[in-house]
Amino acid sequence: MAEIRVLDKHTAELIAAGEVVERPASVAKELLENAIDAGATQITLSAVRGGISQLQIVDNGSGIEAEYIDKAFIRHATSKISTAEDLNHIRTLGFRGEALASIASVARVDVLTRTEQDEYACHYRIEGGDPQGMEAGARPVGTTITVSDLFYNTPARMKFLKKDATEGTYVSEAVLHEALAHPEISFRFLRDGKQQFLTPGDGDLRSAVYAVLGREFARDLLAVEGESGVYRVTGLITPPRACRASRGAQHFFVNGRYVKNRTMMAALENAYKGTMMQGKFPGAVLMLEMPADLVDVNVHPAKTEIRFARESDVFDAVYRAVRTALTTPGSGECRFELHESAPAKKEVPLQPAPAAHRPASEKPRFTTLSAAEYRALNRLTEPVAPRPLPGDIHVESPGPRYDAGAASSAAVQRDAVREEAVLDILPDEPDADGAPGQELPAVHYPATAANDLESLADAAGRTLPSALADALSGMQAVPTPPETEAGGILPGPRDTEADGTGREEASQTALSALPAEGDAPEQTVMAPPAAEPLRLVGEVFKTYIITERGAELCLIDKHAAHERILFEKLASAYGNVPAQMLLVPVQVNLTAGEKQALMQNLELLADAGVEVEDFGGPTVLVRAVPADVVVDDVEDMVVELASHLQNGGRDALREKTEWVLHSIACRAAIKAGDRTTSAEMLALAQQIMDGTIPPFCPHGRPCVLKITRKELEKQFGRLV
């Protein structure tokens, strides 16, 4: 029978510390929350070697009185709550009294603090849970806590930590969340002596977002503000056109506390439905203020997971606030207005639009609220001039002006003829030899009188009678062999005379065809039958190419086919992928975790043709991409790569490489809905139909769907 023992104090503290202190970022989070609860307005956090060697926090808060410093490191000693009823309405970030005790049990901690009433500061040291004494010190009002040699006495915990750069990224995220949650406090973060960011502390959320998440992310953010009963939602969200390829830019806060909550995330994304593309996710910094008794923060030791008493009310409050922000003018969403607008001054357009597209003033109309939406809508009725490249100079030609109307009508006629030729799906009538698709050139004779035919002359000057006489004179009469009564052919007189000579020559010819003695017999290799030509029929839904080969009708997904072709091209050239240097490098803003994952895989990206370098803060600079990638897709491609590399950190190198190539091929491939010429469609179909490329995309979806003529005839009832 197993004996039950009471664990000693040190072992119990190590077990308890494992619940609170997982890594240096946990230490940073707990100490930052203590500084905020102390009323600090300026907080500086410095991390060395990812916070493993040293983590220091300096604040200008109220400080700790000298007589209470030793009590602060006793487990469950706190100044935040006093009774059990206080747990029902917690307003402070910390309340358990476990953080300092847990940190001190697995590290060396120095505390230098001073209150406004004290004449001098107090310096207190504790190592592995054992106090090392207290002495006088000097500093302004506030507290400085230095945590050194984390997990020095627990090697088992130390070996589970990741690289210094990775741990430093987690520390950076902890500071980032606190800086966003409290824009009224100035946060300064130093990493190995280098300043990463500094928030102004002016109380403006947009300023904090600008300092922490970068200029590109903060530039077009929309303000959110709404109230629903006891709930108040404020913050900033990205417009639909600036949504990202991952959820890494979503930050949620409840009563000043950073949380991970699916209810708020679902409400945010549901509010964007119908305004953003599939596979895109909005970015947001949302603050929810609500009564403390309607939320339970005492769920997880890290206090990042919470429970709402009424989740449906929270969902509705967040959804309505975000939806209202999206429908305001300037958000980029198209609104339907039911009021009648005043008649505007009529302007004569350069090219009048068709009458079917002209909106009536007395009917409801759509109002476009962004330039991008306006251009997309206007593209339906008027041609859009190409955007000039930087540095281009427009020179007015002195020659005759180009007739745009005539050119457009001619272009329409050419397109109609081309489409009619491509979309001809009926089989051609067979010609005289039985071969379909071969037409004899038409001969046109001049309309002349019958008695003038003899006077017509050809190019050589010959008249019709003389040309006929020359043709008849060149023909030789072929004698008809005599036939027997049974219809057999008998040899004529000349055949009888040369019978012996002819038979001898025929026998020699037959013997010469036999292999000589001693020669090994040779095998004759028959050439494979030539593949039947592929005929382009057309395209449907601007997505699927229709082709015909023999007795088969082939439907080809042009995006999946092009993606597979590019993937095979990248895979065969991996390590030496043709890359194009960007004239203007693209700046991409990432979260701390995404950027760290990208920096750890620079060699892998370089082998795939993507050159990335650190640009400071949360930004990376993309200098080169594979030649097939469009510049407009570079940012989304890098964000997607960074997100996957962060989430798939444990994947093997081969899996990472394949996924990187998949992502690049997907971004560079033709998209469904893109306009494709007939030559491009035929070339794409021939590459995927020649059998050298697997007929499915890198994600496993099929590229080709074949329907035989027999199956079609069965469907139409031609075959029973």
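Residues numbered from 1 in each chain as written. Predicted model: local features only at pLDDT ≥ 70, side-chain atom pairs only at ≥ 80, totals over all residues. Heavy atoms only, no water.

Caption draft 1: Fine view of the overall build of the protein. When you go through the protein residue by residue, the secondary structure sums to 22 helices and 24 strands. Within the protein, the fraction of its 720 residues that count as buried is 37%. Taking all contacts inside the protein whose residues are at least 6 apart in sequence as the whole, residues at least 24 apart take part in 67%. Accessible area of the protein: about 44200 Å², with a carbon and sulfur share of 54%. (Helix = DSSP H or I, 4+ residues; strand = E, 2+ residues; numbered from the N terminus. Buried < 20%, exposed > 50% of the residue type's maximum accessible area, 1.4 Å probe, protein only. Contact = heavy atoms within 4.5 Å. Areas by Shrake-Rupley, 256 points an atom, 1.4 Å probe, with all protein chains shown as cover.)

Caption draft 2: Geometry of the sheet that holds strand E24 (residues 704–708). Spatial ordering of the open sheet is given by E18-E19-E20-E24, a layout of four strands whose pairing is antiparallel. Strands with a single pairing partner mark the edges of an open sheet, and in this sheet they are strand E18 (535–540) and E24. Strand after strand, the sheet turns through a mean of 20° between neighbouring axes, direction not considered. Note: strand E20 (residues 552–557) against E24, five bridges, orientation antiparallel. For Leu 555, the partnering residue across the bridge sits in E24 and is Leu 705. Along the sheet, helix H16 (residues 558–572) contacts E18, strand E19 (544–549) and E20; its crossing angle with E20, the most-contacted strand, is approximately 75°. (Pairing = 2+ DSSP bridges. Axes fitted to C-alpha atoms, helices over the stretch in contact; angles between N-to-C directions.)

Caption draft 3: Unusual backbone geometry, seen in detail. One non-glycine residue with positive phi stands out, namely Arg 49, at about 55°. Relative to the assigned elements, Arg 49 resides in the loop between strand E1 (42–48) and strand E2 (54–59). For Phe 541, which is not glycine, the phi torsion reads 60° and is therefore positive. When you line up the elements, Phe 541 lands in the loop between E18 and E19. Residue class for Phe 541 comes out exposed when judged on its relative accessible area of 72%.

Caption draft 4: Structural detail: the side chain of Thr 113. With respect to the helices and strands, the residue Thr 113 is situated in strand E3 (residues 108–114). A polar contact of 3.3 Å, which involves the side chain of Thr 113, links it to the backbone oxygen of Gly 142. Among all residues touching Thr 113, those that are not within four sequence positions of it are Gly 63, Ile 64, Ile 69, Ala 121, Cys 122, Arg 139, Gly 142 and Thr 143. (Polar contact = N/O pair within 3.5 Å; in protein donor to acceptor, adjacent residues only side chain to side chain.)

Caption draft 5: Quick peek at helix H7 (residues 205–213). Looking at H7, one finds that the buried residues are Leu 205, Ser 207, Ala 208, Val 209, Val 212 and Leu 213. Where H7 begins, one side-chain oxygen reaches toward the backbone nitrogen of Arg 206, 3.2 Å away; that side chain belongs to Asp 204. Backbone geometry just after H7 places Gly 214 at a positive phi near 105°.

Caption draft 6: A look at the side chain of Asp 59. Tracing the backbone through its elements, the reader meets Asp 59 in strand E2. With no salt bridge to any partner, buried Asp 59 finds its closest opposite charge in Arg 139, at an N-O distance of 5.8 Å. A polar atom in the side chain of Asp 59 sits 2.8 Å from the backbone nitrogen of Gly 61. Sequence-distant contacts of Asp 59, that is, excluding residues within four places in its chain, are made with Ala 35, Ala 40, Gln 42, Ile 43, Arg 139, Val 141, Gly 142 and Thr 143. (Lys, Arg positive; Asp, Glu negative; His and termini not counted. Salt bridge = Lys/Arg side-chain N within 4 Å of Asp/Glu carboxyl O.)

Caption draft 7: Representation of the sheet that holds strand E22 (residues 611–614) in the model. On the basis of which strands lie adjacent, the open sheet formed by three strands has the order E21-E23-E22 and antiparallel pairing. Of all the strands in the sheet, the pair left with one neighbour each is strand E21 (579–589) and E22. Taken pair by pair, the neighbouring strands of this sheet meet at an average axis angle of 20°, ignoring direction. In the sheet, E22 pairs with strand E23 (residues 619–626) via four bridges, with the strands oriented antiparallel. Each bridged residue has a counterpart across the sheet, and for Glu 613 the counterpart in E23 is Leu 621.

Caption draft 8: Here's a closer look at the nonpolar core. One finds Ile 43, Leu 45, Phe 73, Val 109, Val 147 and Val 209 to be the most contacted residues of the largest nonpolar core, which totals 58 residues. Broken down by element, the residue count for this core peaks at seven residues, all from helix H2 (residues 24–37). Not counting residues up to four positions away in its chain, the partners in contact with Ile 43 are Leu 32, Ala 35, Ile 36, Ile 57, Val 58, Asp 59, Ile 185, Ser 186, Phe 187 and Arg 188. Core analysis: the second largest hydrophobic core is formed by 33 residues, Phe 567, Val 625, Met 637 and Leu 661 among them. (Core = buried A, V, L, I, M, F, W, Y, C linked by side-chain atoms within 4.5 Å.)

Caption draft 9: Spatial organisation of helix H19 (residues 634–647). Relative to the 20 Å expected for 14 residues at 1.5 Å per residue, H19 spans 20 Å between its end C-alpha atoms, a close match to the ideal helical length. For H19, every residue scored as buried is listed here: Val 634, Asp 636, Met 637, Val 638, Val 639, Leu 641, Ala 642, Ser 643 and Leu 645. (Expected span 1.5 Å × (residues − 1).)

Caption draft 10: Structural view of the packing of helix H9 (residues 262–271) against helix H10 (residues 311–326). Two elements in contact, H9 and H10, have axes separated by 8 Å at closest approach and are oriented at 35°. Crossing of H9 against H10: the hand is right-handed. Contacts from Thr 263, Met 264, Ala 266, Ala 267, Leu 268, Asn 270 and Ala 271 of H9 reach H10 at Glu 311, Val 314, Phe 315, Val 318, Tyr 319, Val 322, Arg 323 and Leu 326. (Left-handed = near helix turned anticlockwise from the far one by under 90°.)

Caption draft 11: Structural view of the confidence of the model for the protein. Taken residue by residue, the protein gives an average pLDDT of 74. The fraction at 70 or more is 67%. A low-confidence stretch, residues 386–412 stays under pLDDT 50, and its non-local contacts, those more than four residues away or across chains, total three contacts. In this model, residues 416–451 is a region of pLDDT below 50 whose contacts with residues beyond four sequence positions or in other chains number 20 contacts. (pLDDT = per-residue confidence, 0-100.)

Caption draft 12: Here's a closer look at the packing of helix H6 (residues 164–181) against H7. Contact geometry for H6 and H7: axes closest at 9 Å, N-to-C directions at 165°. Classed by the angle they form, the pair H6 and H7 counts as roughly antiparallel. Crossing of H6 against H7: the hand is right-handed. Residue-level contacts link Leu 176, Ala 179 and Leu 180 of H6 to Leu 205, Ala 208, Val 209, Val 212 and Leu 213 of H7. (Parallel < 35°, antiparallel > 145°, perpendicular 65-115°, else oblique.)

Caption draft 13: Representation of the packing of aromatic side chains in the model. Applying the stated criterion across every chain yields a total of four aromatic pairs. The interplanar angle of 40° and the centroid separation of 5.8 Å between the aromatic rings of Phe 189 and Phe 197 together place this pair among those described as tilted. Given the relative accessible area of 7%, Phe 197 is considered buried. Considering the side-chain rings of Phe 315 and Tyr 319, the 6.2 Å spacing of their centres and the 5° angle between planes classify their relative orientation as stacked. Remark: Tyr 319 and Phe 315 occur in helix H10; sequence separation between them is four residues, near one turn of the helix. Given the relative accessible area of 24%, Phe 315 is considered partly exposed. Judged by its relative accessible area of 28%, Tyr 319 falls in the partly exposed class. Over the ring of Tyr 152 we find Arg 108; its NZ or CZ atom is 4.0 Å from the centre of that ring. (Phe/Tyr/Trp six-rings, centres within 6.5 Å; stacked < 30°, edge-to-face > 60°. Lys NZ or Arg CZ within 6 Å of the ring centre and 35° of its normal.)

Caption draft 14: Just the pattern of salt bridges, in detail. Scanning all chains against the criterion turns up 23 salt bridges. Here Arg 232 makes a salt bridge to Glu 289, at a shortest N to O gap of 3.9 Å. Of this pair, Arg 232 sits in strand E10 (residues 231–237) while Glu 289 is found in strand E13 (residues 284–289), placing the two residues 57 residues apart along the sequence. By relative accessible area, which is 27% here, Arg 232 ends up partly exposed.

Caption draft 15: Structural context of the environment of Leu 222. Secondary-structure assignment places Leu 222 in strand E9 (residues 222–228). Separated by 104 residues in the primary sequence, Leu 222 and Leu 326 place their C-alpha atoms 7.8 Å from one another.

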